[in-house]
Each structure stands twice: as C-alpha cells, then as structure tokens.
Amino acid sequence: MHHINQIYINGAFVTPQGKELFDLFNPTTGQRIGQVQLANEQDAVTAIAAAKGAFAEFSRSSKDARIGYLKRMHAAVEGVEDELTQAIIEEYGAPISRARWMAKHAASVLQDAASVLQSYKFSRRIGIAEVVMQPLGVAGLITPWNSNAGFICGKLAAALAAGCTAVIKPSEMSAIQTAIVTRALHDAGLPPGVFNIITGRGETVGAVLSAHPDIAKVSFTGSTAVGKTILRTGADTLKRVTLELGGKSPVLILDDADLKTAIPLALQAGFMNSGQACIAGTRILVPESRLAEVEALMIKEAADVHAGDPRDPATAVGPMVSHKQWERVQRYIQIGIEEGAHLLAGGPGLPEGINAGWFVRPTVFSRVTNQMTIAREEIFGPVLSIITYTTEEEALAIANDTPYGLQAYILSSNPERAHRLASHIDAGRVLINTLAHEPLAPFGGFKQSGIGREYGTFGLEAFLEPKSILS
Ligand code: NAD
C-alpha cells in the first residue's frame, strides 16, 4: 500500500494542512492500492507565498543558471525512469511501451526547454524601442491524470526557463507518479520556493490557484469544462492563461490513400494512450466509394488490437483510469448503438477473457453521422467513429464541423494534396501520414480545444510579457 502524506513547499517535504484522504487504485485490477493526504486551500496559499518569495531573485537569475537547473532536473528525472514507468503502469494502466515513452518524455521536456532557452533572446530592438521579455510572475500549473508526470515537467520547464516560479497542482489521481517526480526534482537542488508541488482537489487547490491575486499565470491541461471555469475565475485578476483542453480530432483518409497502411495508422491514432488522449483521432473520415473496403479492413485490423494487461508487450489498449471513466465510456458506446451507428468492432462490457479491472473493448462504429453524440462529444476512451464523405469539400467541412480544433490527421498517397488540405483545417496540429511528435513545435488548440501554445519558443513566451523601453 502506498501512503503519501507529504506535499512540497519552499524546498521541503511537509505534511499538508488538509486532512482529506483520497484513495488510489490500480485500474488493471480495480483494487485500492493506497491513499494520498490532500492539500487544502491553506496549503495552496502557503505554496503561493513561497513561490512569490522566491520570484524576486529567481526572475533575475542568469540564463546560464537556469539552463544549469533545467539540465540537473532533466538528469534527476531521467534517473527515475524505471520507477516512474512502473508507477504509470500501476496507477494509470498505460501499456508498457506507452508508459516507458511517458517516463522518458517527462525527462526530455526538461532538456528541450534548456535547448530553447539556450538560443532564446530576451531582448530585441524594434524601431527605437528595446523590447524586453520579462517573466510574468508566479505560475499556477494544473495537470490531468492522462499524462501527469509529462505535464508537471513540461509546464514547469517552460515556467522556470522564463524565470517564473511555480505552484503545481497535479491530478489527485496520479499521486504515486507525482511523489516520484517531486523527489527527483527536489534532488536537482533548486533554490527553495522556486517550485512547489501540492496534490489536492481541483475545486479547492485548483480554485485557489485560479483566483489568487499573486498568481500571474495559469497553465492548465484538462477538460474543456474545467478550462472555462478557470478562465472565468481568473478574469477578476486578468490572469494570463494557457488552456490545453479536449479534442475530437478528424482522421481524413483521402480516396488516394493506401488503405492497407492507412487503416492500421488510423487505429493507432484513435487508440493511442488507450483512447485517453486529447489528440486521439476519433472521427475517421472515409470516401463513401471506399466504405466497404474500409469496413472489411477495419474489422480485420481491430480484431488484432489487444486490450488487457498493460504489462503484456502485446497490449495496445490498457484499462480506463477509473471506474467513473469506464462507466462514461460504456455510456457512450450505448448511446452510439441507440443513435443507430453500426457496430463494427468491440461493444459494451469487458473484453473477452477479462473479468476484473476497468477495461473497455476497443470499439469502432461505422456509418456514423457527424451530428451523432459519439461524433460530437469527447469520449476519452477507445471508441472510434467512421463517417463518410463524397467530395473533398465535404470532407473538410466535416473535419472542421466540431467545437474542437486540437489535432487532425490526413492520410494520402499525394503529399501535395494532403498539404493543401492541411491549410484548410482548423487545428493546432495536422499530421500527414505520420504519428510523429515534434517536441519544439507549438502545441495547442483552435476553438474550444484551448488558448495559447505549449513547447518550444511559443511555450516559453507564454510565461513572458513583452516590455518596450524607449529612449
Ligand atoms: P479535468 O479537467 O477533470 O482535471 C484536470 C485538472 O484540473 C485536475 O488536476 C483537476 O483536479 C483540476 N481541476 C478540476 N476542477 C478544477 C477547478 N474547478 N479549478 C481548477 N482546477 C480544477 O480533466 P481530467 O479528467 O483530469 O483529464 C481529462 C481531460 O483532459 C480530457 O478532456 C482531455 O481532453 C483533456 N486533456 C487535454 C490535453 C491537451 O493538451 N489539450 C492533454 C491531456 C488531457
């Protein structure tokens, strides 16, 4: 059993003022595996004061000093890669290859921020003005459970690179991963108060971060509903915000695509991170004329997608993070059936041969219309919709007919055509014939997928304010 009863404030591990104990579960078994003592509002206020106290000096630290800190943090997190991988599997249920990638990513984002900082110029001349980029102040960083360690390190790396100090509120459901990352970051030996990590509830600790006058900036990754609450709460103090929210990404398969490669890629895009991915390609747009071929291939390929024990290297889809999430996904599968979509693969209930844990059958619906609930709402589970189109114009219209705009995929054998279509898609990222990640390119959403960008220079500047000095 894990008993986590410390938070990290002002460079020290302390017992929270909050008394609430929150249960932690292993989603593979559904068993309780520990408890975390949650921070409360008072803890949040103490952590903000510590970050504020550290800001004056840290914001004036040299670029070299901060690059040094980031490199030490990178080495420290890299040093716990194995432990973190195991924790991600135990507490979150990510399949082992994904869990390993997530643990590596948590370290590499620190290194990436160090490289960006290395080449970044904090001052430039525009006409007669010297324009200086100044750190915003204390940042409140709020992370979700579907990539908790990566978001802690990524947001913190950008904030510190800019010269901000931070209070981090990780997901309360990821306390084991947070404890490992916090210990590693502590070992990197930064000045006390520069970062503070307090696991607590969103409605308490998260709400204090969104409202407190000493927080200059909130960087949040999570649901669109909570993002809107944060925006409203932060309005009183005109906080700067970066919001990375939900998605309903289209996978546009063009009529010239080689379906033998396109369909497996579409399945990977849809089922990545067990479907619990904001960038998952959940709406698969296919030419009406090729529907029969697509359906036949999809049935064949989906049968090979193994849902089960995340420690088994053959597993592509692990369990849902919680029983609540499992119920949510089941409800959407039911809605898909009730609204008349055609079930091609998967369906309600547990996968065959599994009788414990929060597993979902990897599910593909066909003959879905873009107005059906399963095509409009973010399900956040392994449930995909095939939607047909007749012309390129219609395909683009369907792709863009969503409140979201985080990511899109185009699969085609004609790169020029794919690039032309990419320019018409309203999404922060468009991936053509690939699932690759570019860690220095901006990441974020159009429309209700968010505000602002993370990673690379854009992510760094999200923690800076330009100041023009004229003389
Ligand atoms: P969530 O919005 O429920 O919670 C995210 C974080 O916000 C948690 O730490 C939670 O405690 C906190 N929170 C909850 N209520 C709050 C409040 N009132 N004020 C401040 N903070 C509050 O999301 P989740 O269920 O943890 O994660 C799933 C969601 O995250 C999905 O919608 C998914 O699309 C989104 N997501 C987006 C991205 C992206 O980069 N765009 C990445 C991963 C996940």
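Before reading further, recall that the structure is shown in the block above.
Residues numbered from 1 in each chain as written. Predicted model: local features only at pLDDT ≥ 70, side-chain atom pairs only at ≥ 80, totals over all residues. Heavy atoms only, no water.

*Asks:* I tried to follow unusual backbone geometry on my own but got confused; where do I start?
*Replies:* For residues other than glycine, phi is negative in most cases, and the peptide bonds are mostly trans. Phi at Leu238 is positive, roughly 45°, even though this residue is not glycine. Residue position: Leu238 is located in the loop between α8 (224–235) and β12 (240–244). The exposure class of Leu238 is exposed, given its relative accessible area of 62%. (Helix = DSSP H or I, 4+ residues; strand = E, 2+ residues; numbered from the N terminus. Buried < 20%, exposed > 50% of the residue type's maximum accessible area, 1.4 Å probe, protein only.)

*Asks:* When you look at the pattern of salt bridges in this model, what are you seeing that I'm missing?
*Replies:* A pair can form between side chains of opposite charge whenever their charged atoms are brought close. Under the definition given, this model contains 19 salt bridges. A salt bridge links Arg32 to Asp23, with the shortest nitrogen-to-oxygen separation between them at 3.2 Å. Taking relative accessible area as the criterion, Arg32 reaches 38% and is therefore assigned partly exposed. Overall, Asp23 belongs to the partly exposed group, its relative accessible area being 31%. One salt bridge connects Lys104 with Glu81, and the closest N-O pair in it is separated by 3.2 Å. In this pair, Lys104 is assigned in helix α4 (residues 96–119) and Glu81 in helix α3 (residues 81–92), connecting sequence segments 23 residues apart. Taking the relative accessible area as the measure of exposure, Glu81 reaches 15% and is therefore buried. Through salt bridges with shared partners, a single network forms among Asp255, Asp256, Glu392, Arg417 and Arg420. (Salt bridge = Lys/Arg side-chain N within 4 Å of Asp/Glu carboxyl O.)

*Asks:* What is the right way to look at the site of the ligand in this model?
*Replies:* As a matter of local geometry, the ligand sits amid 28 residues, with Thr143, Glu172, Ser223, Leu245 and Glu378 nearest to it. Residue Trp145 places a side-chain N or O atom 2.9 Å away from an oxygen atom belonging to the ligand. In this structure, a nitrogen atom belonging to the ligand sits 2.5 Å away from a main-chain N or O atom of Leu245. Alone, the ligand offers 840 Å² of accessible surface; in the complex the protein occludes 88% of this. For the shell around the ligand, the secondary structure elements donating two or more residues are α7 (202–211), β11 (215–221) and α8. No other element matches α7, which puts 4 residues into the shell around the ligand. Partitioned by chemical class, the residues of the shell around the ligand number 14 nonpolar, 9 polar and 5 charged. Two domains share the shell around the ligand, each providing at least three of its residues, namely domain 1 (2–245 + 447–470) and domain 2 (250–432). (Near = heavy atom within 4 Å. Polar contact = N/O pair within 3.5 Å; in protein donor to acceptor, adjacent residues only side chain to side chain. Areas by Shrake-Rupley, 256 points an atom, 1.4 Å probe, with all protein chains shown as cover. Nonpolar A, V, L, I, M, F, W, Y, C, P; charged D, E, K, R; others polar. Domains from an automatic or database assignment.)

*Asks:* Just to check I follow, could you spell out the sheet that holds strand β14 (residues 281–287) for this structure?
*Replies:* Within a sheet, neighbouring strands are paired by backbone hydrogen bonds and run either parallel or antiparallel to one another. The strand order across the open sheet formed by 7 strands is β15-β16-β17-β14-β13-β18-β19, and the pairing between neighbours is mixed. Each of the sheet's edge strands pairs with one partner strand only, and the pair in question is β15 (342–347) and β19 (429–432). Mean inter-strand twist for the sheet, computed between neighbouring axes without regard to direction, equals 15°. Two elements, strand β16 (residues 361–366) and strand β17 (residues 383–389), share 3 bridges in a ladder whose sense is parallel. By the bridge assignment, Val364 is partnered in β17 with Leu384. (Pairing = 2+ DSSP bridges. Axes fitted to C-alpha atoms, helices over the stretch in contact; angles between N-to-C directions.)

*Asks:* Could you clarify how one ought to interpret the environment of Pro319 in this entry?
*Replies:* One can find Pro319 in the loop between α10 (291–303) and α11 (323–338). Pro319 sits in the buried class, given a relative accessible area of 0%. On a C-alpha basis, the gap between Pro319 and Ala356 in space is 10.0 Å, while along the polypeptide they are 37 residues apart. Apart from residues no more than four positions distant in its own chain, Pro319 is found in contact with Pro27, Thr28, Tyr92, Gly93, Ser274, Gln276, Pro310, Trp358 and Phe359. (Contact = heavy atoms within 4.5 Å.)

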